[in-house]
Amino acid sequence: MTLKRRTFLGSVAVAAVVAAKPAWAQSKGTIAIITPSHDNPFFKAEADGADAKAKELGYDTVILVHDDDPNKQSQQFDTVIAQGVVAIILDNAGADASVAAVQRAKDAGIPSFLIDREITATGVAVSQIVSNNYQGAQLGAEEFVVQMGESGKYAELLGKESDTNAGIRSQGYHDVIDQFTDLEMVAQQTANWSQTEAFSVMESMLQANPDIKGVISGNDTMAMGAMAALEAAGRSDVIVVGFDGSNDVRDSILGGGIKATVLQPAYQQAQLAVEQADKYLAEGSTGLDEKQLMDCVLITADNAGQLDNFQLS
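One structure accompanies this document, and this report is about it. (Residues numbered from 1 in each chain as written. Predicted model: local features only at pLDDT ≥ 70, side-chain atom pairs only at ≥ 80, totals over all residues. Heavy atoms only, no water.)

Read across the sheet, six strands follow the order E2-E1-E3-E4-E5-E11 without closing on themselves; strand pairing throughout is parallel. Both outer strands of the open sheet, strand E2 (60-65) and strand E11 (291-294), are each paired with one neighbouring strand and no more. The sheet shows a mean angle of 15° between the axes of neighbouring strands, taken without regard to direction. Bridge count for strand E1 (residues 30-35) against E2 is six bridges, and the pairing is parallel. For Ile 31, the partnering residue across the bridge sits in E2 and is Thr 61. (Pairing = 2+ DSSP bridges. Helix = DSSP H or I, 4+ residues; strand = E, 2+ residues; numbered from the N terminus. Axes fitted to C-alpha atoms, helices over the stretch in contact; angles between N-to-C directions.)

Encoded structure:
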């Protein structure tokens, strides 16, 4: 079977960022922006995008980091509800574990607009705007198959098990790769979206399977950890493909390291959520379905130079 390439077009605290406005300007209220740790540039891009758009539209902001801790996230919701924010932009700390917090905000008259990760309930958040992780994973898998020459042993780095996206991406990968009988997965392990953990996992995988030819990763942060381990072992021959579209992986691609990634439009997605919050607050409706998918884009050496901060120029 031959595959043809396809192209598709945090309570820690907490940085409270208040928009600078002329003395005569009156704020439209405060929007809370709650994401995982900004140590991951993807989540920082989300917070930056939402913050910039909220300020542009006349809102103050409070930016919180939940560190993927549902209990911390729950406390943060209680805090911002008590503060009387007008809306919440959320990249949640667990599909099941986040439902109750979002419901509490709704019961308090505060709408939530979710980005990146869905929750396992509808009618609780106003919007759930997520990347089409399945479509994006298939793009990445197709490129991986091509780079692997349709054969060889490979390993998969999985994301955090509590994150729905980890499973969706893995399924998208396998629905493509498993069609090729000469491609054999010899190792599969979670590295919990972590670069440091991915480095250690990759070291162990290499020791157990020195003939690995490729690594497909659930996100770019883990891909960078895997690449560092491979480089430390002198294994420049191993194909690595990631997912997210980070600047670090962009630079690796341009330098001949990692072969490809899949861009999630994190900055744009967060800005869209703020625009929908603004419309909802003004009109009582976004005019759109609650669940919205944004397609991903394959990034290779051909277009990596156009990528910056999770946006293509």
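This is not the end of the story, as more comes after the structure.
Here we take up the packing of aromatic side chains. According to the stated counting rule, one finds four aromatic pairs in the structure shown. The interplanar angle of 85° and the centroid separation of 5.5 Å between the aromatic rings of Phe 42 and Phe 43 together place this pair among those described as edge-to-face. By relative accessible area, which is 2% here, Phe 42 ends up buried. Considering the side-chain rings of Phe 144 and Tyr 154, the 5.6 Å spacing of their centres and the 70° angle between planes classify their relative orientation as edge-to-face. Residue Phe 144 is found in helix H4 (residues 133-147), and its partner Tyr 154 is found in strand E6 (residues 152-158); the two are separated by ten residues along the sequence. The pair formed by Phe 144 and Tyr 154 is uniform in burial state, with each residue classed as buried. Here the aromatic residues Phe 42, Phe 43 and Phe 310 are joined through ring pairs into a cluster of three or more. (Phe/Tyr/Trp six-rings, centres within 6.5 Å; stacked < 30°, edge-to-face > 60°. Buried < 20%, exposed > 50% of the residue type's maximum accessible area, 1.4 Å probe, protein only.)

Let us look at the nonpolar core. The biggest cluster of nonpolar side chains holds 35 residues, and the ones touching the most others in it are Leu 157, Met 202, Met 205, Val 215 and Ile 258. Elements with a contribution of two residues or more to this core: helix H1 (41-56), E6, helix H6 (195-208), helix H7 (220-232), helix H8 (247-254) and strand E12 (297-299). Considering each element in turn, this core owes the most residues, seven residues, to H7. Those residues within four positions of Val 215 in sequence are excluded, and the remaining contacts are Phe 144, Ala 155, Leu 157, Met 202, Ala 226, Leu 230, Val 238, Ile 239, Val 240 and Val 241. Of all hydrophobic cores here, the second largest spans 20 residues; its members include Ala 137, Val 145, Ile 216 and Phe 243. (Core = buried A, V, L, I, M, F, W, Y, C linked by side-chain atoms within 4.5 Å. Contact = heavy atoms within 4.5 Å.)

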